[in-house]
Amino acid sequence: MLLRDAAQLALRAITAQRLRSFLTLLGIAVGIAAVILLTSIGEGIHRFVLAEFTQFGTNIASVSPGKVKTSGPAPTGIPTSVRPLSLDDARALARLPHVTGMTAMVWGNTEVGGNGRLRRTTVNGVGADMLKVYSMSVKTGQFLPDENLENARAFVVLGAKLKSELFGGANPLGARVRVGNLQFRVIGVLEAKGQFLGIDLDDAAYIPTARALELYNRDGMMKIDIAYAQGVPAATVVASIKSALSARHGREDFTIVTQEDMLRTLSNILDILTMAVGALGSISLLVGGVGIVTIMTIAVSERTSEIGLLVALGAPRRTILGLFLGEAVALSALGGVIGLVLGIGLAQFIHLAVPALPVHTPMTFVVLAEGLAVAIGLLAGVLPARRAARLDPVQALRSE
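This part is about helix α7 (residues 234-249). Here α7 contains 16 residues, and its C-alpha end-to-end distance of 22 Å stays within 8% of the 22 Å for a straight helix at 1.5 Å per residue. Inspection of α7 places Ala234, Val237, Val238, Ile241, Ala244, Leu245 and His249 among the buried residues, and these make up the whole buried set. Projected onto a plane normal to the axis of α7, the buried residues spread over an arc of 135° and lie on a single side. When the buried face of α7 is taken as reference, the exposed residues oriented beyond 90 degrees from it are Ala235, Ser243 and Ala247. In the segment just after α7, Gly250 is the residue with positive phi, at about 85°.

Written out as structure tokens, the structure reads:
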């Protein structure tokens, strides 16, 4: 039998029972729509979270005091205090190969007063390379100058929101502000950066690290962030940091975390969540598969005499098998297309109704969903098709 004739027979069989075929299509369509909708939301959230983490760049290594490890009770008489990260440590790390920027970090929450207004906000002690490390930029004025860390002048750079809260539309450059119990001169305002996982990056002030150590009465940094050149393996940079700091401290009493490791772990978690959400949606496809098995089984019973006639006229059993499998696949494929239109349409509608909810439907998901629909039709149609192909032609012709 020609492929065109087989396709015509399958289409005629589907259109002969329009309501029954439509209900079967609907089962597959709802399942595919659920898969597309849920995976689109999952993928959208995946991309949103990764974008939040990568807005500061991906080639960053962060050094914190204290070694993350598990050990037994400390021996009696031996101190267990962690050696803080010093300004000398920061300078040594800035000189390592492949390092393009370094910022030693200290932060806390304190009052910032200026222009007759007072606001409690985050004050960060940073280095002159902070803009380079975190891919940030200055809107007006300049950033903290590259000065000797211990003798840095009392300058402050304001975040966009903090500047607006204290000075409104006025120009703050050159104005004096009080940070805690210290006086600083405003030399710049940063470009608005937005929020990062609920933290307002614009509602903050930035002062030299040494001044922050004085402000918060600390003897060491909370962390040192290092930016390294593109294309350099993270492991190479980590090895250099370990070697330099271990030589200075006499032991490895610090922890290094790279942005690359964080993103890999986060991406794996989000991939699992997206697959789990998609698997929940695909449960409804089982209902569609059961519907195809049911309708094809009924079709075999109703068309027994037709099958007998085809076999009597010399049609091979594989042709009978192919006809019924073709009907099942056509039903599921058509249902899959309807489901794709439904799912993508719903995803876009939800995105328009709730703009804050990220939604993204990759073409890979569309192709996989349609392939899944066809596979379900193929599997669901196997048993009824085999039953049709095994009918005895004489008994089939006798049936009414």
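After that view of the structure, there is still more to cover.
Looking at the element boundaries, Asp225 is found in strand β11 (residues 223-228). A distance of 2.3 Å separates a polar atom in the side chain of Asp225 from a polar atom in the side chain of Tyr134. For Asp225, the contacting residues outside a window of four places in its chain are Ile60, Ala61, Ser62, Gly101, Met102, Thr103, Met105, Val133 and Tyr134.

What follows is about the packing of helix α3 (residues 87-94) against α7. Between α3 and α7, whose axes approach to 10 Å, the crossing angle comes to 145°. Crossing handedness for the pair α3 and α7: right-handed. Between α3 and α7, the residues in contact are Asp88, Asp89, Ala92 and Leu93 and Ile241, Ala244, Leu245, Arg248 and His249, respectively. Across the contact of α3 with α7, the residue classes break down as five nonpolar, one polar and three charged.

Right, let's get into the environment of Ser164. Within the element layout of this structure, Ser164 appears in helix α5 (residues 160-167). Taking relative accessible area as the criterion, Ser164 reaches 41% and is therefore assigned partly exposed. Each C-alpha atom of the pair Ser164 and Asp202 lies 9.9 Å from the other, and the pair is 38 residues apart in sequence.

Let us now look at the pairing of strand β2 (residues 99-114). Counting buried residues in β2 gives twelve out of 16 residues, a clear majority hidden from the surface. Sheet topology note: the β2/β11 ladder contains six bridges and is antiparallel. Residue Met105 lies in a different strand from β11, and its bridge partner there is Lys223. In the sheet, β2 pairs with strand β3 (residues 117-126) via nine bridges, with the strands oriented antiparallel. Directly across from Glu111, in β3, lies its bridge partner Arg120. Taking the residues between adjacent antiparallel strands as the criterion, β2 and β3 are bridged by two residues, where Asn115 takes a positive phi near 60°. Note that β2 and strand β6 (residues 176-179) share two bridges and pair antiparallel. Following the sheet pairing, Val112 is matched in β6 by Val179.

Before going further, it helps to spend a moment on α5. Those residues of α5 lying buried are Leu162, Lys163, Leu166 and Phe167. Along α5, the residues classed as buried sweep out an arc of 100° about the axis, all on the same side. Of the surrounding secondary structure, the elements contacted by the buried residues of α5 are β2, β3, β5 (155-158), β6, β7 (182-190) and β10 (204-208). The first or second residue beyond α5 is Gly168, which carries a positive phi of 60°.

Looking now at the side chain of Thr110. You can see Thr110 is positioned in strand β2. Accessibility expressed as a relative area gives 12% for Thr110, which makes it buried. Excluding anything up to four places from it in sequence, Thr110 contacts Arg119, Arg120, Thr121, Val123, Val179, Gly180, Leu215 and Tyr216.

What follows concerns unusual backbone geometry. A positive phi angle, near 55°, is found at Ser135, a position not held by glycine. Mapped onto the secondary structure, Ser135 falls in the loop between α4 (130-134) and β4 (138-141). A positive phi angle, near 55°, is found at Asn217, a position not held by glycine. For Asn217, a relative accessible area of 70% corresponds to the exposed category.

What counts and what doesn't
Residues numbered from 1 in each chain as written. Predicted model: local features only at pLDDT ≥ 70, side-chain atom pairs only at ≥ 80, totals over all residues. Heavy atoms only, no water. Helix = DSSP H or I, 4+ residues; strand = E, 2+ residues; numbered from the N terminus. Expected span 1.5 Å × (residues − 1). Buried < 20%, exposed > 50% of the residue type's maximum accessible area, 1.4 Å probe, protein only. Arc of directions from axis to C-beta. Polar contact = N/O pair within 3.5 Å; in protein donor to acceptor, adjacent residues only side chain to side chain. Contact = heavy atoms within 4.5 Å. Axes fitted to C-alpha atoms, helices over the stretch in contact; angles between N-to-C directions. Left-handed = near helix turned anticlockwise from the far one by under 90°. Nonpolar A, V, L, I, M, F, W, Y, C, P; charged D, E, K, R; others polar. Pairing = 2+ DSSP bridges.

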